[in-house]
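Letter by letter, the chains look like this.
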Amino acid sequence: MHYLDNAATTPVVPEVIQVVSETLAAHFANPSSLYRLGFKAEREIDKSRKEIAKALGCTWAEVIFTASGTESNNIALLGAAAARKGWGSHLVTTGYEHPSVIKPLERLALEEGFSLAIVAPGADGTVDIDEIVKAVRGDTALVAAMQVNNETGAIIDVAALAEKVKAKNPRTAVHVDGVQGFTRLPLRLAGTKIDSYAVSGHKLHAPKGVGALYLRKGYTLHPPMLGGGQENALRPGTENTAYIVGFAKAVALAGKKHIAAQQTTQQLQQQLLQGLAALPGVVVNSPAGGYAGIVNFSLPGVRSETMLHFLEERSVYVSSGSACNKGGRSHTLSAMNLPDKRIDCALRVSFSGENTPADVEALLAGLQAGLGSLARPK
C-alpha cells in the first residue's frame, strides 16, 4: 500500500496504539470523579496537557482538549464573536479556509448580524497578509486564518499576521487554524499575538476524535457549549482520557522525529515535482515556498475521480482535494480562480515522515499509466 493522503488523516502509529490501549485498560475512570481512580485519570490528562503545551510553546493552563480540529475552530470562532458582539460586528477571513472556519463565520454573518470580509488567495495560491490587515476595521471583532492550507500547502506567517492585526486594532481577536501546521512548522505561541490556535490529533498519527485548542492567558471567550465544568467550562463533557494520552504520545514522537520528517517530506516533494515535470501537460497548483508535505497538481484530460480510482486499483491512495468536500469541486482552487477544467483534473498528494521514495515511484508510475490509458484527446 502506498498511502499519500496524510492531509486527510494519518495512520495511527504502533507506539500510539499501545499507549491508547494501555490507558483504556488502566485509566477508564471519569477524570472528574473524586476517588483515586478518577484522580489517576485526571493526572494522565494533566501530563498530556503539559506535553502538548510544550510543543505549542505555551503554558499548560492555556491548552484545552476537544474532540477535533473542527470543534476547536468552532469554539474559538463562535466564542470570540459572542464575547465581542457588543462593539464588534465585523469578521475577516481568507477565501481558502477549512469548512470548520468558513461555515461558522458564514452563520454569524447570516444569523447574528455580523458582516464578513473574505480575502481571496492569488492565482499562485498564496494570501497576502497585508490584504488581510487592510480589511481590518475599528469594529473588526475577529480575524481567522489557517497556517497551512490543507489543499495546496500555501503558508501564512500567522505570527506576523497577528502582530500587524493587533497594531491596527488591539481589540481584534486573532484565531489560527493550525491543524496542518502543528509540529511541522516552527511556532512558539508564547512569543506571538495569536489569541487562539486549533490543532487535531489524527493529522499527527493519533486517533480520530481528539484535538486541542490554545487560548492565550487572559483572552476573553464566551463558551458556545454548556454543560459541566470540564476544560475550564470551555469544552464541557467528559474528557477522552485514552485518546488524549495517545495524542500527547503522537506529539512527543513528532517532536523527536521533526528534523527527519522534514527532510523526508522535502526529498519526496522534490522527487514528485521532478517526476511530474516529465509528464506531458501537468500543471502544479501548489505555490513555490509552500509546505513540502502537500503537493496539488492537475492532469490534462483526466478527471480527478477517474484517476483517483485508477490509482486505487494500484494500491496508491491520493485525494482529489479536501476530504471534507466529499468529492466536490475544490473550494481552494476555486478561490484561486483557476479554470474549471484545471480544477476538475486536480489531485492532492500529502506526505508524512512515514512515506518513502517507493511511494512516489508507485504514484508516478500510476500517473503515467493513467495518462496513457485514460486521457481524452484535446
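Residues numbered from 1 in each chain as written. Predicted model: local features only at pLDDT ≥ 70, side-chain atom pairs only at ≥ 80, totals over all residues. Heavy atoms only, no water.

Right, let's talk about the layout of surface pockets for a bit. If you add up the space inside the largest pocket, you get close to 460 Å³. Every residue lining the largest pocket is counted, 26 residues in all, and those nearest its centre are R184, A254, K257, A261 and G353. Here the lining of the largest pocket is built from residues that sort into 12 nonpolar, 10 polar and 4 charged. (1 Å grid on protein atoms, 1.4 Å probe; cavity = no way out; pocket = protein on both sides within 12 Å on 5 of 7 lines; lining within 4 Å. Points joined across faces, edges and corners; volume = space filled by probe spheres on them. Nonpolar A, V, L, I, M, F, W, Y, C, P; charged D, E, K, R; others polar.)

A word on empty space enclosed by the protein. Using the criterion set out here, one finds 1 cavity of 30 Å³ or more in the structure. Its boundaries defined by the atoms lining it, the largest cavity holds a volume of some 30 Å³. N6, A7, Q180, R184, Y291, G293, I294, S350 and F351 together form the lining of the largest cavity. Class assignment for the residues of the lining of the largest cavity results in 4 nonpolar, 4 polar and 1 charged.

This structure, assessed with the given rule, holds 14 salt bridges. Here D130 ties to K164 by a salt bridge, and the two come within 2.7 Å at their closest N and O atoms. With a gap of 34 residues between them, D130 in helix α5 (residues 129–135) and K164 in helix α6 (residues 158–168) connect regions that are remote in the sequence. Notably, a salt bridge pairs K193 with E163, separated by 3.4 Å at the nearest N-O pair. Linking K193 in the loop between β6 (173–177) and β7 (196–200) with E163 in helix α6, this pair joins segments that are 30 residues apart in sequence. According to the relative accessible area criterion, E163 is partly exposed, its value standing at 41%. (Salt bridge = Lys/Arg side-chain N within 4 Å of Asp/Glu carboxyl O. Helix = DSSP H or I, 4+ residues; strand = E, 2+ residues; numbered from the N terminus. Buried < 20%, exposed > 50% of the residue type's maximum accessible area, 1.4 Å probe, protein only.)

I52, L56, I156, F182, Y197 and F247 are the most contacted members of the largest nonpolar core, which totals 50 residues. When residues of this core are assigned to their parent elements, the largest contribution, 8 residues, is made by helix α7 (residues 241–277). The residues touching F247, leaving out its near neighbours within four places in the chain, are I52, F65, F182, V199, S200, G201, L204, A206, V210, G211 and A212. Counting residues in each nonpolar core, the second largest holds 23 residues, with L279, V316, V318 and V360 among its members. (Core = buried A, V, L, I, M, F, W, Y, C linked by side-chain atoms within 4.5 Å. Contact = heavy atoms within 4.5 Å.)

Here the focus is the side chain of H27. Looking at the element boundaries, H27 is found in the loop between α1 (14–26) and α2 (36–56). On the basis of relative accessible area, H27 is assigned to the buried category, the value being 17%. Discounting chain neighbours no more than four positions away, the residues touching H27 are K40, A41, E44 and T241.

Let us now look at the pairing of strand β4 (residues 115–119). Pairing of strand β3 (residues 90–94) with β4, which is carried by 5 bridges, proceeds in the parallel orientation. By the bridge assignment for β4, H90 is matched with S115. Between the parallel pair β3 and β4, the chain is carried across by helix α4 (residues 99–111), and the sense of this crossover is right-handed. (Pairing = 2+ DSSP bridges. Right-handed = clockwise from strand over helix to strand, strands pointing away.)

On to the sheet that holds strand β9 (residues 283–284), then. The strand order β9-β10-β12 describes an open sheet built from 3 strands, whose pairing is antiparallel. Among the strands making up the open sheet, the edge pair consists of β9 and β12 (346–350). Where strand β10 (residues 294–298) meets β12, 5 bridges bridge the pair, whose relative direction is antiparallel. From the neighbouring strand, V295 faces β12, where its bridge partner is V349. Contacting β9, β10 and β12, α7 crosses the sheet at an angle of about 10° to β10. (Axes fitted to C-alpha atoms, helices over the stretch in contact; angles between N-to-C directions.)

Attention shifts here to the pairing of β7. Where burial is concerned, most of β7 is hidden: 5 out of the 5 residues are buried. Of the two faces of β7, both are covered, the one formed by S196, A198 and S200 as well as the one formed by Y197 and V199. Taken together, the 3 bridges between β6 and β7 define a ladder with parallel strand orientation. By the bridge assignment, H175 is partnered in β7 with S196.

On to the packing of aromatic side chains, then. The geometry of an aromatic ring pair is captured by two quantities: the separation of the ring centres and the angle between the planes. Evaluation of the coordinates by the stated rule reveals 0 aromatic pairs. The aromatic ring of W87 is capped on one face by R171, whose charged end is 3.8 Å from the ring centroid. (Phe/Tyr/Trp six-rings, centres within 6.5 Å; stacked < 30°, edge-to-face > 60°. Lys NZ or Arg CZ within 6 Å of the ring centre and 35° of its normal.)

Moving on, we come to the packing of α2 against α7. For the pair α2 and α7, the least separation of the axes is 9 Å and the interaxial angle reads 30°. On the basis of the axis angle, α2 is roughly parallel to α7. Crossing geometry of α2 relative to α7 is assigned as left-handed. Contact with α2, carried on its side by A41, E44, I45, S48, E51, I52 and A55, involves T241, I244, V245, F247, A248, V251 and A252 of α7 and no other residues of that element. For the contact of α2 with α7, the residue count by class is 10 nonpolar, 2 polar and 2 charged. (Parallel < 35°, antiparallel > 145°, perpendicular 65-115°, else oblique. Left-handed = near helix turned anticlockwise from the far one by under 90°.)

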